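What follows is each chain in one-letter form.
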Amino acid sequence: MKFLHCADLHLGCPGGAERLRAFLGLLAFCKQEKVEVLLIAGDLFESPRADERTRQRVFSALGEDPALCVLIAAGNHDPIGPGTNYDEALPGNVYVFPRAWSCAEIPAYGVRVWGASFGADKEPPFAVVPARRRLTPGLYDLGVLHADLAADSPYRPLTPERIAETQVKYLALGHIHARSEVRRAGGTLYAYSGCLQGLGFDEVGEKGAYLGEVTENGLSLSFVKLCGSMTLEKTLNLTGCRSLEEAARLYDRQIGPLPGHRLLLTLTGAPGFAVDGAALSRLLSDRAAKVRVEDETRPEADASTLAREDTLRGAFVRRMQARIAQADGDEETARLALRLGLAAFEGEVRDDAD
Ligand SMILES: [Mn+2]
């Protein structure tokens, strides 16, 4: 039995066409990989009642393959209740959990899925795990829940102890947009899949879903990337650079183009010019779909100060200064060697290496 765990799709938000594309891509992946159970751990929609067009699009896509069982544990953005996204006739293969922790059995796939929905934009911790009597024996227990592992959270705080009490084999969590590794509490594995498609600079890296497969050997889990664009964090050390243009050339040599993605570039080191982050992001604007530059550079150290250091670097600077003094016409080359050497010290040699 194959299942896919996703969460926090936030469909129906302004500028969310890319999110809808990622969602449709996820359903295409389910079809291609013959996924049987899709667990959506909340915040499928951005709001309790998304616009008509988005809702129709989403539910008709979810209902397209009747062999795919879709189980939704609604979140704080899209709680269940009168007048909400889920208060209407849904496709027959789509099930939305009530507010209380309960289960849906799918004997055809040998699985039983436990879950609970948000009934409002906040939820207290869920109280009890119901006893399992009168349940069909031999089914594999999964869980799906929108919850927060922070103890004082208003969004259904959850502890590892409570997770263990659910006694499910895998608990699919939603709410936190950065995915977690798979962790264990008692006999239960659990993870946040993270959101499916990042939109801003604060949602960094690959986004996707957890793919699970249950065989006679047990459960295997792997993360699959399903997002379109990503925010990619890169660092550029500008020590030795004398101008913005030189910094842009260094970027092209060390990092290169990132078409379609968002570039979050942190500048470090001690450049020999006044860094203007906004001007550099304009200069690099065609290297990525969006560029943001964070300036963490520090003023260039004065060579005469460095020369007084009782370190390997100090010795290097003293020797290079002597060379510059003797250069006789080719001073520029010797100065460049000094700058590159200092950059190398920052990258590979500790200041206290002596
Ligand atoms: Mn949420």
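Residues numbered from 1 in each chain as written. Predicted model: local features only at pLDDT ≥ 70, side-chain atom pairs only at ≥ 80, totals over all residues. Heavy atoms only, no water.

(A) Structural detail: helix α1 (residues 17-32). Along its 16 residues, α1 runs 23 Å from first to last C-alpha, staying within 8% of the 22 Å computed at 1.5 Å per residue. Inspection of α1 places E18, R19, L20, A22, F23, L26, L27, F29 and C30 among the buried residues, and these make up the whole buried set. In this structure, the buried residues of α1 make contact with β1 (2-6), β2 (37-40), α2 (52-63), β11 (208-215), β12 (218-225) and β14 (258-268). Following α1 by one or two positions, K34 has its phi on the positive side, about 55°. (Helix = DSSP H or I, 4+ residues; strand = E, 2+ residues; numbered from the N terminus. Expected span 1.5 Å × (residues − 1). Buried < 20%, exposed > 50% of the residue type's maximum accessible area, 1.4 Å probe, protein only. Contact = heavy atoms within 4.5 Å.)

(B) Up close: the nonpolar core. L4, F23, L26, L38, I40, L44 and L62 are the most contacted members of the largest nonpolar core, which totals 33 residues. Contributions of two or more residues to this core are made by β1, α1, β2, α2, β3 (69-72), β4 (94-96) and β11. Excluding residues that lie within four positions of it along the chain, F23 makes contacts with L9, L11, L44, V58, A61, L62 and L196. Of all hydrophobic cores here, the second largest spans 24 residues; its members include A104, V111, Y210 and V214. (Core = buried A, V, L, I, M, F, W, Y, C linked by side-chain atoms within 4.5 Å.)

(C) A look at helix α7 (residues 312-326). Here α7 spans 21 Å end to end across 15 residues, near enough to the 21 Å set by a 1.5 Å rise per residue. Buried within α7 we find R313, G314, V317, M320 and I324. Looking down the long axis of α7, one finds its buried residues gathered within 130° of arc, a one-sided arrangement. The exposed set on the far side of α7, more than 90 degrees from its buried face, consists of R319, A325 and Q326. Of the residues one or two after α7, D328 is the one with positive phi, at around 55°. (Arc of directions from axis to C-beta.)

(D) Representation of the coordination of the manganese ion within the structure. Protein coordination of the manganese ion is provided by D43 (OD), N76 (OD1), H146 (NE2) and H175 (ND1), with donor distances spanning 2.2 to 2.4 Å. Sequence spacing of the donors to the manganese ion: D-x32-N-x69-H-x28-H. Placement of D43 in the loop between β2 and α2 and of H146 in strand β7 (residues 140-146) is noted, with a sequence separation of 103 residues between them. Note on accessibility: D43 and H146 belong to one class, buried. (Donors = N, O, S within 2.8 Å, 3.2 Å for Na, K, Ca; no water.)

(E) Highlighting the sheet that holds β14. Ordered in space as β13-β14-β15, the three strands form an open sheet in which the pairing is parallel. A strand with exactly one partner marks an edge of an open sheet, and here the two such strands are β13 (231-237) and β15 (288-295). When the angles between neighbouring strand axes are averaged without regard to direction, this sheet yields 25°. Across seven bridges, the pairing between β13 and β14 is parallel. Residue pairing in the sheet places T231 in a bridge with R262 of β14. Each of β13 and β14 touches helix α4 (residues 244-254); the most contacted strand, β13, lies at about 120° to it. (Pairing = 2+ DSSP bridges. Axes fitted to C-alpha atoms, helices over the stretch in contact; angles between N-to-C directions.)

(F) Layout of the side chain of H261. For H261, the location among the structural elements is in strand β14. Residue contacts for H261: discarding those within four places in its chain leaves G228, S229, M230, L232, A288, A289 and K290.

(G) Spotlight on the confidence of the model for the protein chain. Averaged over all residues, the pLDDT of the protein chain equals 92, while 96% of them reach at least 70. Low pLDDT, under 50, characterises residues 348-354; the stretch is placed with eight contacts to residues that sit more than four places away or in other chains. (pLDDT = per-residue confidence, 0-100.)

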